[in-house]
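Working through the structure, step by step
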Amino acid sequence: MAAVEGGINTSIVDIGTIDEALVVAQPSFGCFVDGVSGPLDNAAAVSGKIALISRGDCAFAEKLERARLAGAKGVVVYNNRIGNPIVMGGSGTFDIAAF
């Protein structure tokens, strides 16, 4: 399994070690609802943890924004497609780690 650090987030080198539990995001794709940002539905469970979010359905920036608003310390976006991992790109800059 390979991981690629995102291009729109703070580098893990700058953040340091994150030793927290991985929590599956709700909704699993972490997309905005009707184009509106807001914390993940399970924000209480994600807060202070690492959000596990599925790739697809919306921009990486939406996923990171919802996780950040939920209080996540980091995000792992898993590849739900066959192939090598890609660098998460998009507009915006986020102060959490993301892979």
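The text that follows walks through the structure, step by step, so that each part is easy to find. Here the residue numbering is sequential within each chain, running from 1 through the sequence in written order. Under the rules for a predicted model, residues below a pLDDT of 70 receive no local features and side-chain atom pairs below 80 are neither given nor counted, while totals for whole chains, interfaces and linings still include all residues. Here the side-chain values reflect all heavy atoms present in the structure, with hydrogen atoms and water set aside.

Regarding the overall build of the protein
- Note on conventions: DSSP H or I runs of at least 4 residues are helices, E runs of at least 2 residues are strands, and numbering of each starts at the N terminus. Regarding its fold elements, the protein presents three helices and four strands.
- Sequence-ordered secondary structure for the protein, helices as α and strands as β, is α-β-α-β-α-β-β.
- A total of 99 residues make up the protein; the buried ones form 36% of that total.
- For the protein, restricting intrachain contacts to residue pairs at least 6 apart in sequence, the fraction spanning at least 24 positions comes to 73%.
- Using a 1.4 Å probe, the Shrake-Rupley method yields the accessible areas, and only the shown protein chains count as cover for residues. With the model as given, the accessible surface of the protein reaches about 5,400 Å², and the carbon-plus-sulfur share is 54%. Each residue gets one of three labels from its accessible area relative to the maximum for its type: buried under 20%, exposed over 50%, partly exposed in between, using a 1.4 Å probe on protein chains only. The contact criterion used is simple: two residues touch if any of their non-hydrogen atoms lie within 4.5 Å.

Thoughts on the pairing of strand β2 (residues 50-54)
- With respect to burial, β2 is a largely interior element, five of its five residues being buried.
- Strand direction decides the pairing type here: strand β1 (residues 22-24) and β2, joined by three bridges, are parallel. The partner of V23 across the bridge, within β2, is A51.
- Two strands qualify as a pair provided DSSP detects at least 2 bridges between them. Of the pairings in the sheet, the one linking β2 to strand β3 (residues 74-78) comprises five bridges and is parallel in character. Within β3, the residue paired with L52 across the bridge is V76.
- Between β2 and its parallel partner β3, the chain crosses via helix α3 (residues 60-69), and the hand of that crossover is right-handed. Here, the term right-handed applies to a crossover whose path from the first strand over the helix to the second runs clockwise when the strands point away from the viewer.

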